[in-house]
Structure formats: structure tokens, C-alpha cells
Amino acid sequence: MQEQSPLRAKITLPEPGVPVIRNVNWGGLRTLYIKEVRRFFKVQLQTIWAPAVTTLLFLVIFSVAMGGAGRTVLGVPFPDFVAPGLIAMAMLNNAFANSSFALLVGKIQGTVVDYLMPPLSTGELLAALVGGAVTRAFLVGIVLWGAMLLYPGVHVMPRHPGAVLWFGLFGSVFLALAGVLTSIWAEKFDHAAAITNFVIGPLTLLSGTFYSVEALTPLFRQISHLNPFFYIISGFRYGFLERADSPVLIGGAVILAVDIAMAVGAYALLRSGWKLKN
């Protein structure tokens, strides 16, 4: 009988359930993040340029229809008022669209195992999904901002870049987490479309993007303050105009708290495998 070599004798396999990678799997995290970015970048005409063009048309229509007579809102010309809100709205919608697609299409096509089987922790999986969605949001926002810089009569030069980055980043994270939660819950594209049409869309349009909530009645003003999108739009606009419908520090704290709560919820659902492993 052939004797086992000393080298092979020293190789031992870990017990089932004992992690081999005990720290952050940076290689796997980077790989999944790059995969998510490449997925939407392969169809960039649909995922980046088309949303930017559509949002730019909103600016053209509203600035011509409502800003042609010298109308001002919060003391600034209407086109200057609406432009930052349109950038933020486009970023939020595209962050949600990206993250709500990844796991859902995997569940429908039976390839969700490609997300669950690699040696990635729940936190690493969630970070890669959210990171890909935030990247798409920022690409759309940068394209839109560059186009608006060239648009006559619109001034979108940031005055407080920190506020722009804070509300742009955490607003995109908020919608990316909402998309992850939606993709976990949804079982078909109709479910995700229902969230988009009946939740995300109305909350975005009623967030003060096209108007100041100061013009609303006290009741509807209080209702607007319950909408997290309102704080994102208001804070993002402050970064450009130094004017906001709400205290910027309170808005920044609110959206950070909402992000933490949603991240905990998404992490718990991913870790439990609810509607993913069944």
C-alpha cells in the first residue's frame, strides 16, 4: 500500500460552517461590484443617457411653461430652483431601478444562486449591490449636471459641495436599499413595477422637486415633512442655491437614520434567505 506524502498529510479541511475567509473578502466584493457596474454599463444608452435626456426634457418643459415670465421660487429664478431637484430625482430613480433588478432577475431566471454561493458575507453582498446602484446614480447625475451647465439660463454651480455629496450619496443609498428590499420581496417584474409606479414615483414627484412646500397648506406641508424624499431634494438643492425648505442638518440626520434602519432590514432579510433560498 502506497504511503501518503507528508505534504498531503498536512492538508486539513475546515469543519462545515467554519469560515475560511475570516476578514473582508475584498477580492470577491470588488468582483461583484464590477459585475454590477458592467451589467448596466453594457446598455448605457438605456441606463445612463436615456434617463439623463428624459430628465433634461423636464427642465426644458417646466422652464418654458413656468419660468418664462420671470417666476421665482425661494428667491431664485424657477429654472435654477427646479434644476437641482431634477438631478436628485434622476439619481434616486436610477439607484432604485438598478438595485431592484439584480436579485429579481436572478430569481426569475433561476440564477440567484450566483449571488448566494460565492464566498461573500451578507454584508459584502449588500455592499456590492448598493455600490453598483449608487455608481449608476452618480453617473446619471454627472451627465445631467454637465448638460445643465450648458443649458442657457440655468445656473447649477454648487455652492456647498459637501451638502451635494451628502444628500446625493445617502439619498442614492436610500433608494438602492429600497431596491434591494423590493427585489427580495418581488416574485415577478410586475411587483417591482408596482413599487415604482405607486410608491417611488408619487413620493418623488411630491417631494418638492417642482415646487416649494412653503406654498402648500399647513396640513400638506406637515405631510410633506413625513416624506424622506423631501429631505433629500431640499438638502441637495441647498448645496446649489443655499436655500432649502427645511433645516439642512435635520434633513441630513433624518436620511442617515433612515439609511441605517433600511440597511439593517435588508441585511436581516438577505441573511435569512427569505424568498431567495426557498
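J.: For this particular structure, what's the right way to read the overall build of the chain?
T.: Scanning the chain from N- to C-terminus turns up 11 helices and two strands. Its helices and strands taken in sequence order, the chain reads α-α-α-β-β-α-α-α-α-α-α-α-α from the N to the C terminus. Its C-alpha atoms put the chain at 95 × 40 × 35 Å along the principal axes. Expressed as a percentage of its 278 residues, the buried residues of the chain come to 43%. A separation of at least 24 residues holds for 80% of the contacts in the chain among residues at least 6 apart in sequence. Put simply, the chain shows about 14700 Å² of open surface, and 68% of that area lies on carbon and sulfur atoms. For the chain, the separation between the mean place of its 19 positive charges and that of its 12 negative charges on side chains is 3 Å.

J.: Is there a simple way to think about the packing of aromatic side chains in this case?
T.: Each aromatic ring pair is characterised by the separation of its centres together with the angle its planes make. A full pass over the atoms with the stated rule returns 10 aromatic pairs. Aromatic rings pair up to connect Phe58, Phe62 and Phe210 into one cluster. Positioned above the aromatic ring of Phe81, the side-chain terminus of Arg237 is 3.9 Å from the ring centre.

J.: In this structure, what is going on with the pattern of salt bridges? I would like to understand it.
T.: Pairs may arise between side chains of opposite charge once their charged atoms sit close together. Enumeration over the complete set of coordinates arrives at four salt bridges. Across the salt bridge formed by Lys275 and Glu187, the nearest N and O atoms sit 3.4 Å from each other. With Lys275 in the segment after helix 11 (248–272) and Glu187 in the loop between helix 7 (161–185) and helix 8 (189–205), this residue pair connects regions lying 88 residues apart in the sequence. Connected through shared salt-bridge partners, Lys35, Glu36 and Arg39 make up one network.

J.: Just to check I follow, could you spell out a nonpolar patch on the surface for this structure?
T.: Taken together, the side chains of Val53, Leu57 and Ile61 present a nonpolar region at the surface, about 280 Å² in accessible area. Counting through the fold element by element, Val53 comes out in helix 3 (residues 44–67).

Calculation notes
Residues numbered from 1 in each chain as written. Predicted model: local features only at pLDDT ≥ 70, side-chain atom pairs only at ≥ 80, totals over all residues. Heavy atoms only, no water. Helix = DSSP H or I, 4+ residues; strand = E, 2+ residues; numbered from the N terminus. Buried < 20%, exposed > 50% of the residue type's maximum accessible area, 1.4 Å probe, protein only. Contact = heavy atoms within 4.5 Å. Areas by Shrake-Rupley, 256 points an atom, 1.4 Å probe, with all protein chains shown as cover. Lys, Arg positive; Asp, Glu negative; His and termini not counted. Charge placed at Lys NZ, Arg CZ, Asp CG, Glu CD. Phe/Tyr/Trp six-rings, centres within 6.5 Å; stacked < 30°, edge-to-face > 60°. Lys NZ or Arg CZ within 6 Å of the ring centre and 35° of its normal. Salt bridge = Lys/Arg side-chain N within 4 Å of Asp/Glu carboxyl O. Patch = residues over 30% accessible without salt bridge, like charges linked within 9 Å, V, L, I, M, F, W, Y side chains within 5 Å.

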